[in-house]
Amino acid sequence: MKKEITLVLLALCPLVAGAQDRWEETRQGDAFFGVNYTLPFAHAYRALGYLGLDRKTAIDKDTYHFARLGLNAYRIHLWDVELTDSLGNLTPNDHLDLMDYLIHKLEERGIHIVLTAQTNFGNGYPERDRATGGFSYLYDKCDVHANPRAVAAQERYLGQLLRHVNPYTGKAYNADPAIVGFEVNNEPCHAGTRKEVTAYINRMVRAMRATGYRGPVFYNVSHNQQVVEAYYDANIQGTTYQWYPIGLVAGHTRQGNYLTAVDSYPIPFADRVKNFDRQERLVYEFSPADVLYSHLYPAMTRSFRTAGFRWITQFAYDPIDIAYANTEYQTHFLNLAYTPGKAISLRVAAEAARAIPMGTSYGTYPRDTLFADGFRVSYAEDLSELNNGVKFYHSNHTATRPADAARLESVAGCGSSPIVDYEGTGAYFIDRLEPGVWRLEVMPDAVVVSDPFAKPSPRKDVVDIVYGTWDMTLRLPDLGDTFSVHPLDQAHIALTAKDGTIGALRPGVYLLRRSGATPSRQWTADSRWQHIRLGEFVAPAPRASAYRVVHKAAPYAETGQALTVRATVAGPARPDSVTLYPGHVSFWNARNPIRRMRRVGGYTYETTIPASELHEGLYGYNIVICRGDSTYTFPSENSDAACGYASGFAGTPLDWDYTSTARWSTRVVAPASPVALLTAAETERGDAMETYQMPEWGAKNADLYLRAWIKNKVESRKRRTSTATTLCLRPATGTSLPAIGMSAGFVTSDGYTYNAPCPAPGADGIVRLPLTALRQTDTALLPHAYPTFLPRTFHPTTDITFEAGKAERLEIRLTASGETPVTPARIAEAWLE
């Protein structure tokens, strides 16, 4: 371990260590991939207190999961307001003790650490700031790096922090080999000159060096681009960057193909500043915010490695005890138990970071969706995959066959694959300990029951945890069809798998042994293996006190065609029945056409409404769950059914006293009718379209982009869409659409944009744009990315023919011309005909 950490220091700081040649020869620890995690501080710290939970036990649980995800890096920005007094003196307290304990536990798991010494902002988010007496509360964020008293306080704090001795490791921070480097501060705000900024940084470095610290010092260069040269003039050894490719804090789950947004990470000043290539490059934070997709982490990691980053840490991993509500950072959401697909995607990304040689390019999207040795990402399948013959990881169901099943040593996944049949929704890990002996770990099921990126509350669960029991069939040649199954974490009777199937498997950890295999050692729950004990198992208690239905009604159906209704149903126990009740059922009818919904896998139920029951107009319906003597009808009056998440209430629509009018509805239309993309009712609400300007900052006359999500409407009218020839736009009442400077088109599921200038409106005020006029164009990367120096558009290098059936977003562009301001446009309706 000590030798490995020494090599880490050499890797991250070859100039200081004077050991570039030795590093190049060993190539050990060439990449460091992990997470930020903030439990010792701020909201996470307080939230554990609100729940009355032991914070050190919580750290034990989460660091175990870090090890299971293959992480070897950790970064945190220390909340100096919770560690200091008004003069910058380090204050021994519970926050510092927890940080010490966390460092100790990370070291036990083989995880390396970069500490960002100060944040220079408050500790409240998402709550109000709490007064602490810390020095940063005395100064504005953009003044703290220039005010002489603030700078002196920082020098004092840095000196005491680095000299602080961790009682759990017995080492001072400045001498702990697991702490591979320090970043001076988090996202500084510099208003001074280039010389003033360099002088400030050098003062901070001198304060750190005065403690005897000789490791690397890093500084943020993705902020304050007006003084970027100042950073490279300073006495630092590395530079830090962030990446939030689709903005932050949308307030809802974003949808769409964002692989174009993470295709590359070009640094515009790379060829401009001196010493650029002599500085180590670190990613201190990254996240595709506001999405539940499980395919983006490896793609971002690929782009980082191409750009020369050795250290990559995601922001931020949610502590397991508060992840149920996602209150810590509304715009981020990652936890092995609560977001299993994203967590397995993170594990694939960790492997990608170590497998991709720095500086290697795999071309431009979509060519780079296959990269290195066995990595694949797919928007269509929402899939991250590693298939290199020894490891087989997948974040979602996959039809890919392992490159060499007989050689497999490690499997991790969500859903089913050619070697695992499993209906549960939790993650699982299957690792070979030796020939014929494997360890199986199965997490409980996670079911999203509320939008995780909407306004959070500790009183609102966003994910239910269900301890389902499912059969699991394994097709691992090394295990064979018959093997024993010994629980390692619970007092259950050992089982025997037949035909490769383990019946009624519960979440937990198990030792699997092939029939006839003779292990070379006795494997027990206390056996150590790759920074874990075999019997370790961490999972939340069940969190599903009531039934929930996750379902979005199809916006349209066509007469003459059947309609399939599919829903996710989760609750404290599997329902006895799930039934669809049409909106016209009545207590007084002798017969009502209710339809039983059959379970088609996991928590998914579906039924088909025959064409004979679908007539032009609204087709409304409810879903009724029965368990024992209890029945529950969905959606309830207070459900956000339009967003797909529904709560229920006792009773059924056939009860004599049933009064609710809440239901899902689908509009049934004639097959030849136009395909409505935007309706007057939607645009009048004001939330049908998102508006962006480009460039977002500092432009007098920016172009405007109006975008509307239309995928569900297009998919519900596939036949009519395939024969459509014209995009039609009608202005809002009392307005007109501009005759020049407006173009329209679509962003498709390929992530490509097809656009054309709009012709002048007709006499009726309607713009009619032939679909044959659409041409493949650059895709505007919206919302805007952080850091702001990243490209605003993606330029395609592969030609893909436009298909209307792939349209996911309607896009209208209003282009500025010289000093002439953009003419606003208010669209009332849009349709295909």
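Placed above this text is the structure.
Below is a summary of the structure that appears in this document. (Residues numbered from 1 in each chain as written. Predicted model: local features only at pLDDT ≥ 70, side-chain atom pairs only at ≥ 80, totals over all residues. Heavy atoms only, no water.)

**Regarding the overall build of the protein chain**
Helices and strands together make up the secondary structure of the protein chain, namely 14 helices and 50 strands. By the compact-globule yardstick of 28 Å for 833 residues, the protein chain fits well, its C-alpha radius of gyration being 28 Å. The principal-axis extent of the C-alpha atoms belonging to the protein chain is close to 85 × 80 × 50 Å. Counting every position in the protein chain, which comprises 833 residues, the buried fraction comes to 59%. Put simply, 70% of the contacts in the protein chain that link residues at least 6 apart link residues at least 24 apart. Computed over 84 positive and 87 negative side-chain charges, the inter-centroid distance for the protein chain is 1 Å. (Helix = DSSP H or I, 4+ residues; strand = E, 2+ residues; numbered from the N terminus. Rg over C-alpha atoms; globule rule 2.2 N^0.38 Å. Buried < 20%, exposed > 50% of the residue type's maximum accessible area, 1.4 Å probe, protein only. Contact = heavy atoms within 4.5 Å. Lys, Arg positive; Asp, Glu negative; His and termini not counted. Charge placed at Lys NZ, Arg CZ, Asp CG, Glu CD.)

**Overview of the packing of aromatic side chains**
Going through the model one piece at a time under the given rule, you end up with 41 aromatic pairs. Summarising the aromatic geometry, the rings of Phe286 and Tyr297 are spaced 6.0 Å apart at their centres and angled 85 degrees between planes, so their arrangement reads as edge-to-face. Here the residue Phe286 occupies a position in strand β9 (residues 280–286), and Tyr297 occupies one in helix α10 (residues 296–306), the gap between them amounting to 11 residues. With centroids separated by 5.8 Å and ring planes inclined at 25 degrees, the aromatic side chains of Phe649 and Tyr658 adopt a geometry described as stacked. Ring-pair connections join several aromatic residues into one group, and the members of that group are Phe33, Tyr232, Tyr241, Trp243, Tyr265, Phe269, Phe276, Phe286, Tyr297, Phe304, Phe309 and Phe789. When the ring centre of Phe429 is taken as origin, the NZ or CZ atom of Arg68, which lies over that ring, is 4.7 Å away. The cationic tip of Arg543 hangs over the ring face of Tyr324; the distance from NZ or CZ to the ring centre is 3.8 Å. (Phe/Tyr/Trp six-rings, centres within 6.5 Å; stacked < 30°, edge-to-face > 60°. Lys NZ or Arg CZ within 6 Å of the ring centre and 35° of its normal.)

**Thoughts on the sheet that holds strand β16 (residues 420–422)**
Spatially, β16-β21-β24 is the arrangement adopted by the three strands of the open sheet, whose pairing is antiparallel. Taken across any chain shown, the strands that pair with only one partner, and hence form the sheet edges, are β16 and β24 (501–505). The average angle at which neighbouring strand axes cross in this sheet is 15 degrees, direction not considered. The pairing of strand β21 (residues 470–474) with β24 spans three bridges and is classified as antiparallel. Looking at the pairing, Trp470 lines up with Leu505 of β24. (Pairing = 2+ DSSP bridges. Axes fitted to C-alpha atoms, helices over the stretch in contact; angles between N-to-C directions.)

**Thoughts on the packing of helix α5 (residues 55–68) against helix α6 (residues 94–108)**
Two measures define how a pair of helices packs: the angle their axes make with one another and the distance between the axes. Direction vectors running N to C along α5 and α6 enclose 30 degrees, while the axes themselves pass 10 Å from each other. In terms of orientation, α5 lies roughly parallel with respect to α6. Every pair of crossing elements has a handedness; the one defined by α5 and α6 is right-handed. Two secondary-structure elements touch here, α5 through Arg55, Lys56, Ile59, Asp60, Thr63 and Phe66 and α6 through Asp94, Asp97, Leu98, Tyr101, Leu102, Lys105 and Leu106. In the contact of α5 with α6, the residues fall into six nonpolar, one polar and six charged. (Parallel < 35°, antiparallel > 145°, perpendicular 65-115°, else oblique. Left-handed = near helix turned anticlockwise from the far one by under 90°. Nonpolar A, V, L, I, M, F, W, Y, C, P; charged D, E, K, R; others polar.)

**Digging into the packing of α10 against helix α11 (residues 340–355)**
At a minimum axis separation of 7 Å, α10 and α11 run at an interaxial angle of 20 degrees. Relative to α11, the element α10 lies roughly parallel. At the point where α10 passes α11, the crossing takes the right-handed sense. Contacts between α10 and α11 involve Leu296, Tyr297, Pro298, Thr301 and Arg305 from the first element and Lys342, Ser345, Leu346, Val348, Ala349, Ala352 and Ala353 from the second. A breakdown of the residues in the contact of α10 with α11 according to their chemical character gives eight nonpolar, two polar and two charged.

**Overview of α5**
Taking 1.5 Å per residue as the helical rise, α5 with its 14 residues ought to reach 20 Å, and the 20 Å between its terminal C-alpha atoms agrees with that figure. With 10 of 14 residues buried, α5 is to be regarded as a mostly interior element. Buried residues of α5: Arg55, Ala58, Ile59, Asp62, Thr63, Tyr64, His65, Phe66, Ala67 and Arg68, and no others. Capping the start of α5 is the job of one residue whose side-chain oxygen sits 3.2 Å from the backbone nitrogen of Lys56: Asp54. Residue Gly70 follows α5 closely and has a positive phi angle near 70 degrees. (Expected span 1.5 Å × (residues − 1). Polar contact = N/O pair within 3.5 Å; in protein donor to acceptor, adjacent residues only side chain to side chain.)

**Things to note about the sheet that holds β9**
On the basis of which strands lie adjacent, the closed barrel formed by eight strands has the order β1-β2-β3-β6-β7-β8-β9-β10 and parallel pairing. Across the sheet, the axes of successive neighbouring strands diverge by a mean angle of 25 degrees, strand direction being ignored. When strand β2 (residues 73–77) meets strand β3 (residues 112–116), the two strands line up parallel, connected through five bridges. Its bridge partner being in β3, Arg75 is matched across the sheet by Val114. In the packing of helix α8 (residues 194–209) onto the sheet, contacts are made with β6 (179–183) and β7 (217–220), and the angle to β7 comes to roughly 155 degrees.

**Remarks on unusual backbone geometry**
The residue after Tyr365, namely Pro366, is reached through a cis peptide bond having omega 10 degrees. Positionally, Pro366 belongs in the loop between α11 and β11 (370–371). Although it is not a glycine, Glu187 sits at a positive phi angle of roughly 45 degrees. Tracing the chain through its elements places Glu187 in the loop between β6 and α8. Judged by its relative accessible area of 22%, Glu187 falls in the partly exposed class. A positive phi angle, near 55 degrees, is found at Val249, a position not held by glycine. Within the fold, Val249 resides in the loop between β8 (238–243) and β9.

**Description of the pattern of salt bridges**
When their charged atoms lie close together, side chains carrying opposite charge are able to pair. Counted according to the given criterion, the structure contains 46 salt bridges. Among the charged side chains, a network of salt bridges with common partners joins Arg68, Asp431, Arg439 and Glu441. (Salt bridge = Lys/Arg side-chain N within 4 Å of Asp/Glu carboxyl O.)

**A word on the environment of Ala760**
One can find Ala760 in the loop between β44 (753–757) and β45 (767–770). Put simply, Ala760 and Ile740 are 20 residues apart on the chain and 7.4 Å apart in space, counted from C-alpha to C-alpha.

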